[in-house]
Amino acid sequence: MANIRKQNAVATEPSEAQIAVHWREEEYYYPSARFVGQANLTDPTIMERFREENFPECFREYADMLDWDQYWHTTLDTSDPPFWKWFVGGKINACYNCVDRHLDKYKNKAAIIFVPEPEQEAPVALTYRELYVRVNALAALLRDFAALKTGDRVTIHMPMVPELPITMLACARLGIIHSVVFGGFSGEACGRRAADSGSRVLITMDGYFRNGKMIDHKASAEIALNVAKQEGQTVDKVLIWRRHAGKYASASPMVKGRDYFVDEVLQKYSGEVVDPVSMDAEAPLFLMYTSGTTGKPKGCQHRTGGYLAYVTGTSKYIQDIHPEDVYWCMADIGWITGHSYIVYGPLALAATSVIYEGVPTYPDAGRPWRIAERLDVNIFHTSPTAIRMLRKAGADEPKKYHYHFKHMTTVGEPIEPEVWRWYHETVGKREAVIVDTWWQTENGGFLCSTKPGLDPMKPGSAGPGMPGIYPFILDEEGHEVEAGSGKAGNICIRNPWPGIIQTVWGDRERFVNQYYRKYCKNPNSKDWHDWPYFAADGAVLASDGYFRILGRVDDVINVAGHRLGTKEIESACLTVPEVAEAAVVPVVDEVKGRVPEVYVSLQPGLEPSQEVHDKVLKAIETMIGKIARPKKIHIVPDMPKTRSGKLMRRVLAAISNNLHTGDISTLANPDVVDKVREMVQGKEPVAVKEGPEDVKRFGTVD
Ligand code: WTA
């Protein structure tokens, strides 16, 4: 923080590493003998095999779980740091590995079970053979009808239906780079991503069920196309899946020569078989846009060989997936968790992967447990937000249903030990082992987690680094923070690994600046030891080697486990003509972890009004989506600023969360702080309480 302190003139604040973080050391929980007896990973020498002396060759163990068309000659090429290359010289097809190679043994086994949201619609199982048939027909359509070829990008804006993984796999079969945009993102957000990726084709759906209603989804395609066009990208084909084939559920008109119903066009390609294209291990497999510190989302570019090897290895060892398991990850495929741990990892291992269309609490909080009982799910994967939500809505519901999980995952946000214990005791019925997996969109797969059959669990802590991942904590000056010191710092990874992104799509500089600039020891070095990866998360390392993740140290807000950029939300606010300045800060929320709260000041002479409030809300929902909806919008007379004019988001975050505002005497307008506090908290000052690290530090790290 030293350099930042200079810029921000908040010299009285302690540096992050000096902040001692106190929390009760939690007790260990141990996996049952029953779990261990069947686990994929029980060999305690794993950490030996993956220790630094054996790096990078240790990762052969993951790559060897795949079928390669041509074996690689170089496991890790570090000639162009930090653009690492993995399994160089290897050739492989991701779709072949997730589908074709299972046909001999598992053609009649369910690959995907789709659970529609309306409960009266029965679940639908797709066997591996059926998946193969559907993926092939669609691949033929993409190639021959949409004229897509290897290396082209395609934007996919779809809900949670089996046609989504089918589309992804058909792309992978041909080496087409898919860019799936979360279905809940608005048309505008989709359009900007389509433009950035240079997609000529958009694949979407007419509608889907959510919370008991059919959502008109095709309408957002029109907006997406307009926005893409404004940004210079013409999308000339829109392929529309229909939720019910033959029945169009959208009010949005079809445009002749541009819009096509996939189910209609597919008839011509039914039964076609398309050879999987043998791809370089380093060929991009997909883009996944994620929020960062600027207003522009970055296209995280994942490679084929390294990514697939990493998600397969971690699915096998950490998710403990066997082909006979029924595995349900409740995330959305439109996020990285869904890509890695609903689609690519589980299918590469011939698992049965469950896809649920709707919201977990529809029609009531017993729904997930009824699904688990009906499908006999034995591996369950979700986020702390979903766990908190289900606990709040029906803490005793799991007891009513006869399902048995052997394994459960929590991912995406820190989990409170108390919530962890409910997950363990009530959802897991004390039978299931839990892994708390820490990782990011950029990482491809897990970075920290306990190994379920080997390590004890500790509520609230993700655990040690994964095999072959060497995490450590650095302070702002780049000194290592010792285990057991109780001091927080920035969690970094010392080494490259196969799941890390190749680059940010079209922006090499941003890739280097974001993840490697901060702690690079020597920019001319070709030795990976000089290039630690900066994750932008705060963490504490206990003396047992377990990492406890504290949350983001940058301008990203983790809302219900979804990453939102403050700058993206602020840009949306600034499109309202009345708004002069906007600042977005995180507020602690009992269920969603954090939610954004918005501060705007108006152009000179304008008075606050409900109308402006509503315009700001609408701008956020149309430009990003309902997931970014703020808890509150405050129209303030002015923003707290430093003398150099920097907007002090940290001070606003403190006000929104009832925390000490810290030293404000160096601000250009300290009197504004009191005015704003009174507006937000009322005349009676609210008791100051302890706040979480990410909120306390918000906006202090650039
Ligand atoms: C947070 C999601 C605590 C973290 C896979 C990270 C977590 C961001 C955990 C990435 C966890 C993820 N405990 N925090 N187990 N897992 N996070 O890119 O702040 O959507 O930087 O990837 O989520 O979010 P993303």
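Being a predicted model, the structure only gives us computed values, none of them experimental. (Residues numbered from 1 in each chain as written. Predicted model: local features only at pLDDT ≥ 70, side-chain atom pairs only at ≥ 80, totals over all residues. Heavy atoms only, no water.)

### Here we look at the overall build of the protein chain
So the rule is basically this: Secondary structure elements are taken from DSSP: a helix is a run of H or I of four residues or more, a strand is a run of E of two residues or more, and numbering for both begins at the N terminus. Only protein chains enter the accessibility calculation, which uses a 1.4 Å probe. A residue is then buried if its area is under 20% of the maximum for its type, exposed if over 50%, and partly exposed in between. Contacts between residues were defined by any pair of non-hydrogen atoms, one from each residue, lying within 4.5 Å.
Counting secondary structure elements, the protein chain contains 22 helices and 30 strands. Each of the three principal axes of the protein chain carries a C-alpha extent, and together these read 70 × 60 × 60 Å. The 702 residues of the protein chain split such that 64% are buried. Restricting to contacts in the protein chain with at least 6 residues of sequence separation, those with at least 24 account for 72%.

### Comments concerning the nonpolar core
Using the following cut-off: Take the buried Ala, Val, Leu, Ile, Met, Phe, Trp, Tyr and Cys residues and link them wherever side-chain atoms come within 4.5 Å; each set so joined is a nonpolar core.
By size, the foremost hydrophobic cluster in this structure holds 125 residues, and its most contacted members are Phe59, Leu131, Leu142 and Tyr344. By residue number, the principal contributor to this core is helix H7 (residues 128–145), which donates 10 residues. In this structure, Leu142 is in contact with Ala147, Leu148, Ala170, Cys171, Leu174, Ile176, Ile203 and Leu239, ignoring residues within four places of it in sequence. Core analysis: the next-biggest nonpolar cluster, separate from the first, contains 59 residues, Val587, Val612, Val616 and Leu652 among them.

### A look at the sheet that holds strand S4 (residues 110–115)
So the rule is basically this: The pairing criterion is simple: DSSP has to find at least two bridges between the two strands. Comment: axis = line fitted to C-alpha atoms, over the contacting stretch for helices; angle = value between 0 and 180 degrees taken between N-to-C directions.
Ordered by their spatial adjacency, 7 strands build an open sheet running S5-S4-S17-S16-S18-S19-S20, and the pairing between neighbours is mixed. A strand with exactly one partner marks an edge of an open sheet, and here the two such strands are strand S5 (124–127) and strand S20 (433–437). The average angle at which neighbouring strand axes cross in this sheet is 20°, direction not considered.

### Points about the sheet that holds strand S8 (residues 201–205)
Taken together, the 8 strands give an open sheet; going across it, the order is S12-S11-S8-S6-S7-S14-S15-S23, and neighbouring strands pair in mixed fashion. Of all the strands in the sheet, the pair left with one neighbour each is strand S12 (259–261) and strand S23 (503–504). Across 2 bridges, strand S7 (residues 177–182) lies against strand S14 (residues 284–290) in parallel orientation. Its bridge partner lying in S14, Ser179 is registered against Leu287.

### Observations regarding the environment of Arg101
What counts, and what does not: Here a polar contact is recorded for every N or O atom pair within 3.5 Å, except that within protein the pair must consist of a potential hydrogen donor and a potential acceptor, and residues adjacent in sequence are included only if both atoms are side-chain atoms.
When you line up the elements, Arg101 lands in the loop between helix H5 (94–98) and helix H6 (103–106). Taking the C-alpha atoms as reference points, Arg101 and Lys316, 215 residues apart in sequence, are found 17 Å from one another. Polar contacts involving the side chain of Arg101 include one to the main-chain carbonyl oxygen of Ala348, which spans 2.8 Å.

### Some words on unusual backbone geometry
Note the cis peptide between Phe55 and Pro56, where omega equals 0°. Inspection of the secondary structure assignment puts Pro56 in the loop between helix H3 (46–49) and helix H4 (60–63). Positive phi, normally seen in glycine, also occurs at Ala147, with a value near 55°. Although it is not a glycine, Asp376 sits at a positive phi angle of roughly 55°. Of the residues examined, Asp376 reaches a relative accessible area of 52% and is grouped as exposed.

### Quick look at the packing of aromatic side chains
Note the threshold: To pair, rings of Phe, Tyr and Trp, with the six-membered ring standing in for Trp, must have centres within 6.5 Å; the planes then decide the type, stacked if under 30 degrees apart, edge-to-face if over 60, and tilted in the middle. Comment: the charge-over-ring label is applied if NZ (Lys) or CZ (Arg) is within 6 Å of the ring centre and within 35 degrees of the ring normal.
One pass over the full model with this rule turns up 45 aromatic pairs. Residues Phe83 and Phe511 carry aromatic rings whose centres are separated by 5.1 Å and whose planes lie at 40° to one another, so their mutual orientation is tilted. With Phe83 in the loop between strand S1 (74–77) and strand S2 (85–88) and Phe511 in helix H17 (residues 508–515), the pair connects residues that are 428 residues apart, well separated along the chain. For the pair formed by Phe83 and Phe511, the shared burial category is buried. Here Tyr403 and Phe405 contribute two aromatic rings whose centre-to-centre distance is 4.5 Å and whose plane-to-plane angle is 40°, an arrangement assigned as tilted. Phe405 sits in the buried class, given a relative accessible area of 2%. Positioned above the aromatic ring of Phe534 is the side chain of Lys518, whose terminal nitrogen or guanidinium carbon lies 5.3 Å from the ring centre.

### Thoughts on helix H20 (residues 649–656)
A large share of H20 lies buried, amounting to 8 of its 8 residues. Listed as buried for H20 are Arg649, Arg650, Val651, Leu652, Ala653, Ala654, Ile655 and Ser656.

### What about the packing of helix H9 (residues 187–197) against helix H10 (residues 218–230)?
Convention followed: With respect to orientation, any angle under 35 degrees is reported as roughly parallel, any angle over 145 as roughly antiparallel, any angle of 65 to 115 as roughly perpendicular, and every other angle as oblique. In a left-handed crossing the near helix is turned counterclockwise from the far helix by less than a right angle, and in a right-handed crossing that turn is clockwise.
The geometry of H9 relative to H10 is characterised by a closest axis approach of 7 Å and an angle of 45° between their N-to-C directions. Here H10 runs oblique to H9, going by the angle between their axes. Once H9 is placed against H10, the crossing between them reads as right-handed. Along its contact with H9, which presents Gly187, Glu188, Cys190, Gly191, Arg192 and Ala195, the element H10 presents Ser220, Ile223, Ala224, Val227 and Ala228.

### Considering the packing of helix H18 (residues 566–574) against helix H19 (residues 610–623)
Two elements in contact, H18 and H19, have axes whose closest approach is 8 Å; the angle formed by their N-to-C orientations is 125°. The pairing of H18 with H19 is recorded here as oblique in orientation. Between H18 and H19 lies a crossing of right-handed hand. Residues Ile569, Ala572 and Cys573 of H18 lie in contact with H19, whose contacting residues are Val616, Ala619, Ile620 and Met623.

### Looking at the pattern of salt bridges
It is possible for side chains bearing opposite charge to pair when their charged atoms get close. Worth spelling out the cut-off: For this document, the term salt bridge refers to a Lys or Arg side-chain nitrogen within 4 Å of an Asp or Glu carboxyl oxygen.
Enumeration over the complete set of coordinates arrives at 55 salt bridges. Here Lys298 makes a salt bridge to Glu442, at a shortest N to O gap of 4.0 Å. In this pair, Lys298 is assigned in strand S15 (residues 298–303) and Glu442 in the loop between S20 and strand S21 (471–474), connecting sequence segments 144 residues apart. Put simply, Arg629 and Glu621 hold a salt bridge, and the shortest N to O gap is 3.3 Å. Within the structure, one salt-bridge network assembled from shared partners comprises Glu119, Asp364, Arg367 and Arg370.

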